[in-house]
Amino acid sequence: MSIDVSDGIGCCSGDVRDVSRVGLCLVDMAKRFGKNIDAYTVVASSGEKYFKFRVRPRWERAGRLSKRVGVEIEEAPWQWTEYVMSLEAQQRL
């Protein structure tokens, strides 16, 4: 799953490492992106599915060139919840 993220000032792209009904782990984010910003707008895409939501950063780990950010989804759309539930069902098989 890939993402495009905006902090209201700039934007960047990255990937998603882990998903849940209430959060995401964003990886390969630009190291300087989102300094001192308390919410982002995310557009996540997986194949032909697109999801847009507001997220709040909860933790951050910076590497040499990029960073990993754990975010909490504010009011996830029902399509997102259904998508994650389908992934959970696939893992049980």
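Residues numbered from 1 in each chain as written. Predicted model: local features only at pLDDT ≥ 70, side-chain atom pairs only at ≥ 80, totals over all residues. Heavy atoms only, no water.

Observations concerning the side chain of aspartate 7
Looking at the element boundaries, aspartate 7 is found in the loop between β1 (2-6) and β2 (11-19). Lysine 67 is the oppositely charged side chain nearest to the buried, salt-bridge-free aspartate 7, at an N-O distance of 8.0 Å. Looking at aspartate 7, its side chain comes within polar contact range of the main-chain nitrogen of isoleucine 9, at 2.8 Å. A polar contact of 2.7 Å, which involves the side chain of aspartate 7, links it to the backbone nitrogen of glycine 10. Those residues in contact with aspartate 7 that lie beyond four places of it in its chain are Phe33, Gly34, Ile37, Ala39 and Tyr40. (Helix = DSSP H or I, 4+ residues; strand = E, 2+ residues; numbered from the N terminus. Buried < 20%, exposed > 50% of the residue type's maximum accessible area, 1.4 Å probe, protein only. Lys, Arg positive; Asp, Glu negative; His and termini not counted. Salt bridge = Lys/Arg side-chain N within 4 Å of Asp/Glu carboxyl O. Polar contact = N/O pair within 3.5 Å; in protein donor to acceptor, adjacent residues only side chain to side chain. Contact = heavy atoms within 4.5 Å.)

Observations regarding the environment of valine 69
With respect to the element layout, valine 69 can be found in strand β6 (residues 66-74). Taking the C-alpha atoms as reference points, valine 69 and serine 20, separated by 49 residues in sequence, lie 14 Å from one another. Leaving out residues up to four positions away in the same chain, valine 69 has contacts with Leu24, Cys25, Leu26, Pro57, Trp59 and Glu60.

Considering the sheet that holds strand β4 (residues 40-46)
An order of β1-β2-β3-β6-β5-β4 is seen for the six strands of this closed barrel, with the pairing classed as antiparallel. Across the sheet, the axes of successive neighbouring strands diverge by a mean angle of 45 degrees, strand direction being ignored. The sheet strands contacting helix α1 (residues 78-92) are β2, β3 (23-30), β4, β5 (49-62) and β6, and the helix crosses β5 at an angle near 75 degrees. (Pairing = 2+ DSSP bridges. Axes fitted to C-alpha atoms, helices over the stretch in contact; angles between N-to-C directions.)

Here we look at the pairing of β2
Relative to β2, β1 runs antiparallel, the two sharing five bridges. Bridged to aspartate 4 within β2 is serine 13. Linking β1 back to β2 in an antiparallel pair, the connection comprises four residues, with glycine 8 at a positive phi of about 90 degrees. Bridge analysis of β2 against β3 gives four bridges, and the strand direction is antiparallel. In the sheet register, valine 19 faces β3, and the bridge partner there is leucine 24. Here β2 folds back onto β3, and the loop between the two strands holds three residues.

Regarding the packing of aromatic side chains
One pass over the structure, following the stated rule, counts five aromatic pairs. Seen from their ring centres, phenylalanine 51 and tryptophan 80 are 5.1 Å apart, and the 80 degrees between their planes marks the pair as edge-to-face. Note that phenylalanine 51 is positioned in strand β5 and tryptophan 80 in helix α1, a separation of 29 residues in sequence. An aromatic cluster of at least three residues, connected via ring pairs, comprises Phe51, Phe53, Trp80 and Tyr83. Here the guanidinium or amino end of arginine 61 rests over the ring plane of tryptophan 59, the centre of that ring lying 4.8 Å away. (Phe/Tyr/Trp six-rings, centres within 6.5 Å; stacked < 30°, edge-to-face > 60°. Lys NZ or Arg CZ within 6 Å of the ring centre and 35° of its normal.)

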